[in-house]
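Structure at a glance
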Amino acid sequence: MDEFKACNLDYFPENILIDVLSYLSVRELVRAGRVCKRWKRLVKDQRLWRFVDLTAWKGVTSRILWLLLRQYLGCGLRCLRLRGLLLSARGGTFLSESWLKALSTKCPRLSKLYLLHADLRSLHSCQLLPTSLQVLELRGCELPREFFNQTSPSPAPAQERAEATSSVGAQQQGRHRKGKGHGSPSGIGIGRLVLNNVPSFTDQHLQSLTSWERLSRLELRDTFRVTANGLRRCAAKDGVCGVEGLSRLKFLEIGITGRQGYQLQMASLGLGAGWLGLEELSLGGKEVGPGLLCASRLKNLKCLCLWACTLSEMQIVRSCRLLRGLNRLEFLDVAFQPKQCPPAVEGEGGGSGEEQDNEEAAGVDNSNDENNTVDMNDPIPSLRRSLAVLLPSCTLVFTNCSVQISAD
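**Let's talk about the environment of G258**
The residue G258 is located in the loop between β9 (251-256) and β10 (280-285) in this model. In this structure G258 comes out as partly exposed when scored by relative accessible area, which is 21%. Placed 37 residues apart in sequence, G258 and R221 show a C-alpha to C-alpha distance of 9.2 Å. Here G258 is in contact with D222 and F224, once residues within four sequence places are set aside.

What follows is the structure in structure tokens.
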């Protein structure tokens with residue numbers, strides 16, 4: 001018993017101590033490194049610096065970022081989350097070109113960067129970001145006009161290619177070109193771009209993304225300045241030199257849920273021109289209605305997600321009649337409007353009769369008095385039966401959905 005009381009943390013193996021230290025925040029880790037030499041060495045273990053979240057540490061300045069980069073961050077870093085000074089009273093420069101260059105050199109495996117409330121207007125281009133990035137997420141940030149533009153390659157790579165042509169065989173030339181231009185001429189290899197509440201993002205920024213050769217997922221949430229014409233110009237379509245626009249895009253999300261008072265652009269109407277290769281579409285908020293009208297033009301669409309909106313059963317059934325190729329239909333945080341039988345019969349005429357016939361055909365085997373009573377207040381069971389007839393091979397997912405019941 002006396003031996004047990006005399007034990008302290010020095011008796012624990014280093015692997016166990018590292019597991020304990022992994023529960024600490026970045027600020028607490030830095031403080032723990034001041035306890036003793038052993039803890040200082042343990043805190044610098046790269047297993048503790050794979051996923052670094054600095055969004056909870058308010059008031060992080062460029063001086064603190066330099067300190068973390070020089071003493072702690074290294075080749076083990078995979079994901080970095082930063083909070084900028086855009087809403088801070090002190091202001092000042094947050095991310096500098098020299099720091100980003102040092103980050104790219106010291107952390108070659110960094111694949112995801114998340115920036116919150118960061119003022120990026122001091123950076124003339126996103127080419128300053130680490131070339132190893134695969135995911136870039138911006139929330140509440142300010143962007144310069146040409147942030148997503150790609151500048152032409154410098155003459156240095158051209159000279160290197162000329163030297164390689166004269167001194168190296170054809171096989172080595174091919175390897176050299178793959179190594180230098182793996183993603184794009186400027187080295188941008190980002191495959192997923194998330195923009196959440198970025199009011200400075202416009203159609204000009206969207207047009208700049210057409211030169212990104214690896215961009216396959218684009219998520220636009222509360223980007224109020226993106227218009228239908230801007231989305232239509234960037235859509236993948238057949239051109240003179242092949243497929244033009246965002247030709248590699250497979251997933252697109254458009255959603256407007258916040259900020260009252262902004263003019264609704266209805267950017268999802270730009271999908272009406274079609275989009276080659278687009279397989280997954282996510283619509284949210286005020287973009288659901290316009291987007292459903294144009295979803296039938298997407299010939300390659302396989303998955304459709306509707307979130308944070310209010311829909312009626314008739315609206316969904318009408319839209320899904322033209323989406324026979326869907327494999328997955330998901331409803332997330334959707335409020336369904338119950339059917340109003342008398343107005344529906346008088347206003348819709350033959351169209352509502354066809355939908356009622358489909359519902360009866362789908363539910364004739366399993367219907368009983370109890371189910372009929374439930375369907376009057378809950379449209380989800382009847383909606384499932386209607387969609388089962390229209391989309392027999394489609395998987396339906398309902399997550400956190402509700403029924404909107406009026407006071408009347």
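Moving on, there is more to tell.
**Some words on the side chain of E219**
Within the secondary structure, E219 is located in strand β6 (residues 217-221). Beyond its immediate stretch of four places on either side in the chain, E219 contacts R192, L193, V194, L195, F251 and E253.

**Concerning the pattern of salt bridges**
Applying the stated criterion to the full structure yields nine salt bridges. Here E219 makes a salt bridge to R192, at a shortest N to O gap of 2.9 Å. In this pair, E219 sits in strand β6 while R192 sits in strand β5 (residues 192-196), placing the two residues 27 residues apart along the sequence. With a closest N to O distance of 3.8 Å, R328 and E330 form a salt bridge. Since its relative accessible area comes to 33%, R328 is described here as partly exposed. Relative accessible area serves as the criterion here: at 18%, E330 is assigned to the buried category.

**Focus: a nonpolar patch on the surface**
Taken together, L9, F12, I16 and V20 make up a surface patch of nonpolar side chains, about 340 Å² in accessible area. Within the secondary structure, F12 is located in the loop between α1 (2-6) and α2 (14-21). On the accessibility criterion, F12 (39% relative accessible area) is partly exposed.

**Comments concerning unusual backbone geometry**
Not every positive phi belongs to a glycine, and N197 is a case in point at roughly 55°. Looking at where N197 falls in the secondary structure, it is placed in the loop between β5 and α9 (203-208). Phi is positive for D222, which is not a glycine, with a value near 55°. Summarising the element assignment, D222 is placed in the loop between β6 and α10 (228-234).

**Topic: the nonpolar core**
Counting residues in each nonpolar core, the largest one holds 101 residues, and the members touching the most others are L138, F148, F201, L209, W275 and F331. Among all residues touching F148, those that are not within four sequence positions of it are C126, L138, L143, L193, L195, F201, H205, S208, L209 and W212.

**Some details on the packing of helix α5 (residues 62-71) against helix α6 (residues 97-106)**
Two numbers describe how α5 lies on α6: the axes approach to 11 Å, and their chain directions differ by 20°. Accordingly, the angle class assigned to the pair α5 and α6 is roughly parallel. When you trace α5 past α6, the crossing you get is left-handed. Between α5 and α6, the contacting residues are L65, W66, L69, R70 and Q71 on the first element and S98, W99, A102, L103 and K106 on the second.

**Some points on the confidence of the model for the protein chain**
Summarising the model, the protein chain shows a mean pLDDT of 81, and 75% of its residues fall at 70 or more. Contacts for the low-pLDDT stretch residues 160-186, under 50 throughout, to residues beyond four places or in other chains number 20 contacts. Scored below 50 in pLDDT, residues 343-377 shows 33 contacts in the model against residues more than four places distant or in partner chains.

**Considering the environment of R145**
Looking at the element boundaries, R145 is found in the loop between β4 (135-139) and α7 (155-167). Taking the C-alpha atoms as reference points, R145 and H205, separated by 60 residues in sequence, lie 7.0 Å from one another. Apart from residues lying up to four places away in sequence, R145 is in contact with Q204 and H205.

**Section: the pairing of β4**
In terms of burial, β4 is a largely internal element, four of the five residues being buried. Across five bridges, the pairing between strand β3 (residues 112-116) and β4 is parallel. Each bridged residue has a counterpart across the sheet, and for Y114 the counterpart in β4 is E137. The pairing of β4 with β5 spans five bridges and is parallel. Within β5, the residue paired with L138 across the bridge is L195.

**Some remarks on the environment of H205**
With respect to the helices and strands, H205 occurs in helix α9. For H205, a relative accessible area of 2% corresponds to the buried category. Spatially, the C-alpha atoms of H205 and N149 are 7.8 Å apart, while their sequence positions differ by 56 residues. Only 3.5 Å separates the side chain of H205 from the backbone oxygen of S200, close enough to count as a polar contact.

**A short note on α2**
Of the positions making up α2, those classed as buried are L17, I18 and L21. Seen from one end, α2 has its buried residues packed into an arc of 100°, which puts them on one side. Looking at the buried residues of α2, the elements they touch are α3 (26-32) and α4 (37-43).

Calculation notes
Residues numbered from 1 in each chain as written. Predicted model: local features only at pLDDT ≥ 70, side-chain atom pairs only at ≥ 80, totals over all residues. Heavy atoms only, no water. Helix = DSSP H or I, 4+ residues; strand = E, 2+ residues; numbered from the N terminus. Buried < 20%, exposed > 50% of the residue type's maximum accessible area, 1.4 Å probe, protein only. Contact = heavy atoms within 4.5 Å. Salt bridge = Lys/Arg side-chain N within 4 Å of Asp/Glu carboxyl O. Patch = residues over 30% accessible without salt bridge, like charges linked within 9 Å, V, L, I, M, F, W, Y side chains within 5 Å. Areas by Shrake-Rupley, 256 points an atom, 1.4 Å probe, with all protein chains shown as cover. Core = buried A, V, L, I, M, F, W, Y, C linked by side-chain atoms within 4.5 Å. Axes fitted to C-alpha atoms, helices over the stretch in contact; angles between N-to-C directions. Parallel < 35°, antiparallel > 145°, perpendicular 65-115°, else oblique. Left-handed = near helix turned anticlockwise from the far one by under 90°. pLDDT = per-residue confidence, 0-100. Pairing = 2+ DSSP bridges. Polar contact = N/O pair within 3.5 Å; in protein donor to acceptor, adjacent residues only side chain to side chain. Arc of directions from axis to C-beta.

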